[in-house]
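Below, each chain spelled out in residue letters.
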Amino acid sequence: MRRAALYSRKPTAQGADQLPAPAVAAVVTPSAPSASRSASIVHQRLQRLPLWAALLLCALLTAALTWALTRQVGAPQRLTQDDINAAVLHTLNTQDLPSRAARAAQLIAPSVVHVRTQDEDKKNPRGELQDSGVGSGVVISEEGVILTNLHVVQGAKRIQVTFADGTESEALVIGVQPENDLAVIKAKRLPDDLQPATLGSSQNLQPGDEVVAVGFPFGIGPSVSAGVVSGLNRSFGSEGKTMMRGLIQADAAANPGNSGGPLINMAGEVVGIVTAILNPTSARTFIGIVFAATIESAGGGMGVSPF
């Protein structure tokens, strides 16, 4: 009996119903069984071809998309000067920034000390020593060496200093420079994290440069006042005292108690030591002129270095 061909469109010899044709069919003769098997394999491969094509297409699309995103997102963008200017302008318009004087004062604050003097002639009803004078000073070394004015500590029986962190200590005079009204004192007790000031140079100062004075006027402080350099190489001497020369003149407010405190530039560097104020009256208060000994003269006369 004859066998019907696989996937044939023809009915069987016995009149069997027609088989529905697949999407892709191959007609073979019943006399070639090996050819029938080959047709089946070809058919299966043809059916799988669209899936391979789809997978290949997806892979290509994925690779293309990844490449495009990498080019757009991963590539570094070059900043132009206009971009930088816009960012700076935005910050200035939206942020409250500290002034130059405030930043300079913050830098010197840990190094400024309150200097108080006492003597045996002034005692309170309980027999305790009372302050006979007040002034300011600036720490210039980690060993507790402090620059101040000679007139602040001269003749004192006892010198007390208070550091920025509240530590109190007795101090001793270890050097003087009468021609510039300067003294060097050293504290006996030091804070754990004592921070000396950064000493600058007055050689680069010009009239109009901004400066800041920090100290304890009338014992109040630390107090900050700002101004400009009014002049250089000034001379000053009060009645009966040595004429001081080579002084910095400034208009940063200073009053009794500021004596011995630092005069600093906008980098927070000490360029002078506040020494005197000029007031033709007997009020002894500030009217716009303060004198400071240069930091070079202070160090040169007492061997304090480097500057």
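For the structure given in this document, a descriptive report is provided here. Nothing here was measured: the structure is a model prediction, and the numbers come from that model.

A word on a nonpolar patch on the surface
Taken together, Leu 79, Ile 84, Val 88, Leu 92 and Leu 97 make up a surface patch of nonpolar side chains, about 500 Å² in accessible area. With respect to the helices and strands, Leu 97 occurs in the loop between α2 (81-94) and α3 (100-108). Exposure remark for Leu 97: the relative accessible area of 53% places this residue in the exposed category.

Quick look at the layout of surface pockets
Reported here for the largest pocket is a volume of approximately 900 Å³. Lining the largest pocket are 35 residues, and of these His 151, Lys 241, Ser 259, Thr 275 and Arg 284 lie nearest its centre. Of all the elements in the fold, those that place two or more residues in the lining of the largest pocket are β1 (112-123), β2 (129-139), α4 (150-153) and β11 (270-277). Looking at the lining of the largest pocket residue by residue, the classes come out as 14 nonpolar, 16 polar and five charged.

Description of the nonpolar core
Of all hydrophobic cores here, the largest spans 27 residues; its most connected members are Ile 108, Val 138, Leu 147 and Val 270. Those elements giving two or more residues to this core turn out to be α3, β3 (145-149), β6 (182-187), β7 (210-215), β9 (244-250), β11, β12 (290-294) and α5 (295-302). With near-sequence residues (within four places) excluded, Val 138 lies in contact with Ile 108, Ser 111, Val 113, Val 145, Ile 146, Leu 147, Ala 197, Gly 260, Pro 262, Val 270 and Ile 273. The next biggest cluster of nonpolar side chains, apart from the first, holds 15 residues, and it includes Val 152, Ile 159, Ala 183 and Ile 185.

A look at the pattern of salt bridges
Tallying each qualifying case throughout the model produces three salt bridges. Put simply, Arg 100 and Glu 210 hold a salt bridge, and the shortest N to O gap is 2.8 Å. Of this pair, Arg 100 sits in helix α3 while Glu 210 is found in strand β7, placing the two residues 110 residues apart along the sequence. Residue Arg 100 is classed as partly exposed on the basis of its relative accessible area of 42%. Residue Glu 168 pairs with Arg 116 through a salt bridge whose shortest N-O separation is 4.0 Å. Taken as a pair, Glu 168 in strand β5 (residues 168-177) and Arg 116 in strand β1 lie far apart in primary sequence, 52 residues in all. Classification of Glu 168 as partly exposed rests on a relative accessible area of 42%. You can call Arg 116 buried: its relative accessible area is 15%.

Thresholds, definitions, all that
Residues numbered from 1 in each chain as written. Predicted model: local features only at pLDDT ≥ 70, side-chain atom pairs only at ≥ 80, totals over all residues. Heavy atoms only, no water. Patch = residues over 30% accessible without salt bridge, like charges linked within 9 Å, V, L, I, M, F, W, Y side chains within 5 Å. Areas by Shrake-Rupley, 256 points an atom, 1.4 Å probe, with all protein chains shown as cover. Salt bridge = Lys/Arg side-chain N within 4 Å of Asp/Glu carboxyl O. Helix = DSSP H or I, 4+ residues; strand = E, 2+ residues; numbered from the N terminus. Buried < 20%, exposed > 50% of the residue type's maximum accessible area, 1.4 Å probe, protein only. 1 Å grid on protein atoms, 1.4 Å probe; cavity = no way out; pocket = protein on both sides within 12 Å on 5 of 7 lines; lining within 4 Å. Points joined across faces, edges and corners; volume = space filled by probe spheres on them. Nonpolar A, V, L, I, M, F, W, Y, C, P; charged D, E, K, R; others polar. Core = buried A, V, L, I, M, F, W, Y, C linked by side-chain atoms within 4.5 Å. Contact = heavy atoms within 4.5 Å.

None of the figures reported here should be taken as evidence of function without further support.
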